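# Reading the structure
One letter stands for each residue in the lines below.
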Amino acid sequence: MSYRPNGGSGHPNGHQNGHQNGHQNGHQNGHHNGHQNGHGPSGQSSWKSNYVPAYSNGKDHALPPEPLAVEPKADVTQTHDRGQWGSKWEFIFSCIGLSVGIGNVWRFPYLAYENGGGAFLIPYIIILFLVGKPMYLMETAIGQYSQLGPVSMWRMAPVMKGVGAAMVVMSVIVAIYYNVIMAYTLFFTFASFQGGAAPWTECHEWFADDKCFVRNASYPACQYLLSKNITDFVPEVDCHTKTELASEQYFKNYVLRLKPDGLATPGDIGDINWQLALCLLLSWIIVFLCLMKGVKSSGKVVYVTATVPYAFLIAILAYGCTLPGAIDGVKFFFIPDWEKLKDINVWQKAAEQMFFSLSVSWGGIIMFGSYNKFNNKVHIDAMLISSLDFITSIIASVAVFSIMGSMAQSAGVRVDEVVKSGQGLAFIAFPEAIGAVPGWQLWSVLFFLMLYTLGLDSEFALLETVTTAIYDAFPSTRKSKALITLIASSSCFLMGLPCVSQAGPYVLHLMDTFGGLGVMVIAVFELVGIMWVYGVRRFADNVHFMVGFRPSLFWKVCWAFVAPVMLAAIFAYSMYEYEPPKYGDYEYPAWAVYVGWGLAGISLVQIPLWALLTVLYYLCKWKPGQAFRPLPSWGPGDRDARRRLLALQHQVHGRPHLHGHDNPGLETERV
């Protein structure tokens, strides 16, 4: 027994569903005026006109009949107006570049270390298979089917359009501060082109103060170690009370020029750090040049930006594994602490890392999928890319911990003392390790260029999510892609200047904490909108029509139940355990925390706001139900696919009666 969603079948003597120009006698089902005999009204359409069912007749792999030559309506979105990837590899490399980012190098290794090493991998893999992979497939498929960005794709369920708007707002926020982190990598890259020792390996008077010291086995900082509850450092060595590493002071006092009193007064962010500001400007210029022609230009750039980091990463991995003490760091990463599996925080951190690593629910995956050819085997690509993201995290972790193990042995401390989280790992611990080796300039340039190229692809996706939303909403702007990209890049650069001020790191951390806070909420509403309002079975039929792959029960259950419930539970728990953010030991004032919540609210408020406006709009038209049904313009974004759709509606057999729910996404018919 198979189920066929109602709306794509017709019969010369039977039930004609959604047929606008039919010439047969029979019932016309799905029309808002009920049953009609004869011709459908000219120029009128319903969602059933654009809905593509799976014509399996009980056989999952049966092909539909040969289509007739039927012209689609004139309002169909044409793919050549939007642009498409030049090849399948451009799409794959772009998605790899988006999913594999800077966080794979610094965030995943630290979270694994902090949450039980190998034990952290168990919940991560479980959540990856139950939430990550299903959502990745869903987003790439819906983008490819509709060939629309994350806002316009909600023609499938107008009441949920705010979800797409929330994605775009969140992408803008992240794009602003993400490029600031990339500016840090450019700063270190330029600083690596100098002779002699690395500047961050010694306490130079132009950035260091009396607290500065250089870590090594014969000169540990007793107070520094004891403050970390480390008492088993190497005995019989000189001790002192200095507490900050040379690499830490270089980053804090010279690169960031950090303001010691933080955000004490609203509006007081100190002076602009013009060295960082110039690096930020250069980074935005690079982003603009790569995106000025849309996917036609960015698709060529990703051949370099998505592959070069792997060459750098493998080189660093090979170097790290040859260092003395490297095995201690690798053991620290892989040997599990089984007690950690009982801690709900480990599962929460694993879910958060999977979510941010794959970049689902940010809009970028949908946007990339929308530039695919309609029949691209997107289900295979989705599985490949999501698996490669996990493998990259493992490779990066081994590279990181091998170097950390060597540092721990040379300094006479444990591995957990040299590993730092977040920016500390990338801009303090790693530079310290690289600066101590012969030919440090080469390794430093390789490392920071690797970080920059990893971040560049993610920045492409964030900005293109915004510009694609503009192009889809105002198609005439596609003729001025360079101008739109210039305006978007310039605006983000100007809004990012506070992040390169003396108080910039505090601002950046606040944006990072609250800017992406609502991503799980957006994901839950995204799943509800597609799988419940639009309908999980209808979505599965769309995928089958598009690529010939019928999602199994596993995918449907994950989409409709497992993923939304798991994400909602994790978000609820994170709110229950919420604590005000800190930057190191600095506690934000109350007004700054309120600003952070306001930042999160800017994106999340889009969901109820657009839902309310949509319902009111259709209430005024006396069609409130339309807010929950696909618009007449919804359907395959490819012109040939729509022609095939209309042809099939002329040929396939119908049934005399409907059996379904009021929700059109759940309308089914037994065959």
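The model shown is predicted, which means the values in this text are computed figures rather than measured ones.

## A closer look at the side chain of Gln626
By the element assignment, Gln626 lies in the loop between helix H24 (606-620) and helix H25 (639-651). Here Gln626 falls in the buried class, since its relative accessible area comes to 15%. Apart from the residues lying within four places of it in its own chain, the contact partners of Gln626 are Pro158, Tyr618 and Leu631.

## Some thoughts on the side chain of Thr189
Along the chain, the position of Thr189 falls in helix H6 (residues 161-191). The exposure class assigned to Thr189 is buried, which follows from its relative accessible area of 5%. Sequence-distant contacts of Thr189, defined by excluding residues within four places in its chain, comprise Val445, Phe448 and Leu449.

## A few points about the state of the cysteines
Across all of its chains, the model carries 1 disulfide by this definition. Covalent S-S linkage joins Cys203 and Cys212, the inter-sulfur distance amounting to 2.0 Å. On the sign convention where negative is left-handed, the bridge of Cys203 and Cys212, at about -85 degrees about the S-S bond, is left-handed. Under the relative-accessibility criterion, Cys212 is labelled buried at 3%.

## Considerations on H6
Taking 1.5 Å as the rise per residue, H6 with 31 residues should run 45 Å; its terminal C-alpha atoms sit 46 Å apart, in good agreement. Judged by how many residues are buried, H6 sits mostly within the fold: 27 of 31 residues are covered.

## Details of the pattern of salt bridges
A side chain with one charge can pair with a side chain of the opposite charge if their charged atoms come near. Inspection of every chain in the model, using the stated rule, returns 9 salt bridges. For Lys88, the salt bridge identified is with Asp381, shortest N-O distance 3.0 Å. Taken together, the residues span a long stretch of sequence, with Lys88 in helix H3 (residues 88-99) and Asp381 in helix H15 (residues 378-411) at a distance of 293 residues. The class of Lys88 is partly exposed, set by a relative accessible area of 36%. A salt bridge links Asp640 to Arg643; the nearest nitrogen and oxygen atoms lie 2.7 Å apart. Within this pair, Asp640 and its partner Arg643 are both found in helix H25, separated by 3 residues, close to a single helical turn.

## Details of a nonpolar patch on the surface
The grouping of Val528, Trp532, Leu553, Val557 and Phe561 at the surface amounts to a nonpolar patch, some 450 Å² of accessible area in total. Among the elements of the structure, helix H21 (519-547) and helix H22 (553-576) are those that each provide at least two residues to the nonpolar patch. Among the elements that line the nonpolar patch, the one with the most residues is H22, at 3 residues. With respect to the secondary-structure elements, Val528 resides in helix H21. By relative accessible area, which is 30% here, Val528 ends up partly exposed.

## Some thoughts on the confidence of the model for the chain
Predicted confidence across the chain gives a mean pLDDT of 80, with 79% of residues reaching 70 or more. Per-element mean pLDDT across the chain ranges from 31 in strand S8 (residues 669-670) up to 96 in H24. Contacts from residues 1-80, a stretch scored under 50 in pLDDT, to residues over four places away or in other chains number 206 contacts. Counted against residues more than four places away or in other chains, residues 653-671, with its pLDDT under 50, gives 56 contacts.

## Describing the packing of aromatic side chains
Within the structure shown, the criterion is met by 46 aromatic pairs. Between Phe207 and Tyr250 the ring centres are 5.5 Å apart and the planes differ by 85 degrees, which places this aromatic pair in the edge-to-face class. Highlighted residues: Phe207 in the loop between H6 and strand S4 (212-213) and Tyr250 in helix H8 (residues 246-255), separated in sequence by 43 residues. Assessed through its relative accessible area of 2%, Tyr250 is described here as buried. Consider the rings of Phe430 and Phe447, whose centres lie 4.4 Å apart with planes at 5 degrees: the pair is stacked. Here Phe447 lies in helix H18 (residues 440-473) and Phe430 lies in helix H17 (residues 422-434), a separation of 17 residues in the sequence. By the burial criterion, Phe430 is buried, and Phe447 matches it. Positioned above the aromatic ring of Phe129 is the side chain of Lys133, whose terminal nitrogen or guanidinium carbon lies 5.5 Å from the ring centre. Looking at Lys481, its charged tip hangs above the ring of Tyr471, at a distance of 5.6 Å from the centre.

Rules and cut-offs
Residues numbered from 1 in each chain as written. Predicted model: local features only at pLDDT ≥ 70, side-chain atom pairs only at ≥ 80, totals over all residues. Heavy atoms only, no water. Helix = DSSP H or I, 4+ residues; strand = E, 2+ residues; numbered from the N terminus. Buried < 20%, exposed > 50% of the residue type's maximum accessible area, 1.4 Å probe, protein only. Contact = heavy atoms within 4.5 Å. Disulfide = S-S within 2.5 Å. Expected span 1.5 Å × (residues − 1). Salt bridge = Lys/Arg side-chain N within 4 Å of Asp/Glu carboxyl O. Patch = residues over 30% accessible without salt bridge, like charges linked within 9 Å, V, L, I, M, F, W, Y side chains within 5 Å. Areas by Shrake-Rupley, 256 points an atom, 1.4 Å probe, with all protein chains shown as cover. pLDDT = per-residue confidence, 0-100. Phe/Tyr/Trp six-rings, centres within 6.5 Å; stacked < 30°, edge-to-face > 60°. Lys NZ or Arg CZ within 6 Å of the ring centre and 35° of its normal.

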